[in-house]
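# Chain and residue survey
Below, each chain spelled out in residue letters.
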Amino acid sequence: RLQDFIGQKRVDSIARVALPACTIASFAVGYVLQSLRVTMGAFALSTLLVAVMVVPPWPVYNRHPVRWRKD
């Protein structure tokens, strides 16, 4: 398999921004609605959405593959 370090950095950046943002948004929605169930549901859905965005090997994250030298 080919590695794309630029794509890995992009995924890391997305996860580092999206997960805290989703956590804060989930807490805010749950606080406004005074519902722990809404907080946990929103957090679970947003975490699942972020996971779907960054876990699979999407082609957009493999645009700069590193060709390893064969000996």
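Everything below is about the structure shown above.
Residues numbered from 1 in each chain as written. Predicted model: local features only at pLDDT ≥ 70, side-chain atom pairs only at ≥ 80, totals over all residues. Heavy atoms only, no water.

## Notes on helix 1 (residues 5-33)
In a regular helix each residue adds 1.5 Å, so 29 residues correspond to 42 Å; helix 1 covers 42 Å between its end C-alpha atoms and thus fits that length. Restricting attention to buried positions, one finds in helix 1 the residues G7, V11, A15, A18, C22, S26 and G30. Against the buried residues of helix 1 lie helix 2 (36-54). Looking at the residues trailing helix 1, positive phi occurs at Q34, about 55°. (Helix = DSSP H or I, 4+ residues; strand = E, 2+ residues; numbered from the N terminus. Expected span 1.5 Å × (residues − 1). Buried < 20%, exposed > 50% of the residue type's maximum accessible area, 1.4 Å probe, protein only. Contact = heavy atoms within 4.5 Å.)

## Observations concerning the packing of helix 1 against helix 2
If you want to describe how two helices pack, look at the angle between their axes and the distance between the axes. Viewed as axis vectors pointing N to C, helix 1 and helix 2 meet at an angle of 165°, and their least axial separation amounts to 8 Å. The pairing of helix 1 with helix 2 is recorded here as roughly antiparallel in orientation. Note that helix 1 runs across helix 2; the crossing there is right-handed. The segment helix 1 lies against helix 2, with V11, I14, A18, L19, C22, T23, S26, F27, V29, G30, Y31 and L33 engaging V38, T39, A42, F43, S46, T47, V50, M53 and V54. Broken down by class, the residue content of the contact of helix 1 with helix 2 amounts to 15 nonpolar, six polar and no charged. (Axes fitted to C-alpha atoms, helices over the stretch in contact; angles between N-to-C directions. Parallel < 35°, antiparallel > 145°, perpendicular 65-115°, else oblique. Left-handed = near helix turned anticlockwise from the far one by under 90°. Nonpolar A, V, L, I, M, F, W, Y, C, P; charged D, E, K, R; others polar.)

## Description of the side chain of D4
Take D4: it is sitting in the segment before helix 1. Engagement of the side chain of D4 in a polar contact is seen with the backbone nitrogen of G7, the distance being 3.2 Å. Those residues within four positions of D4 in sequence are excluded, and the remaining contacts are Y61, N62, R63, H64 and P65. (Polar contact = N/O pair within 3.5 Å; in protein donor to acceptor, adjacent residues only side chain to side chain.)

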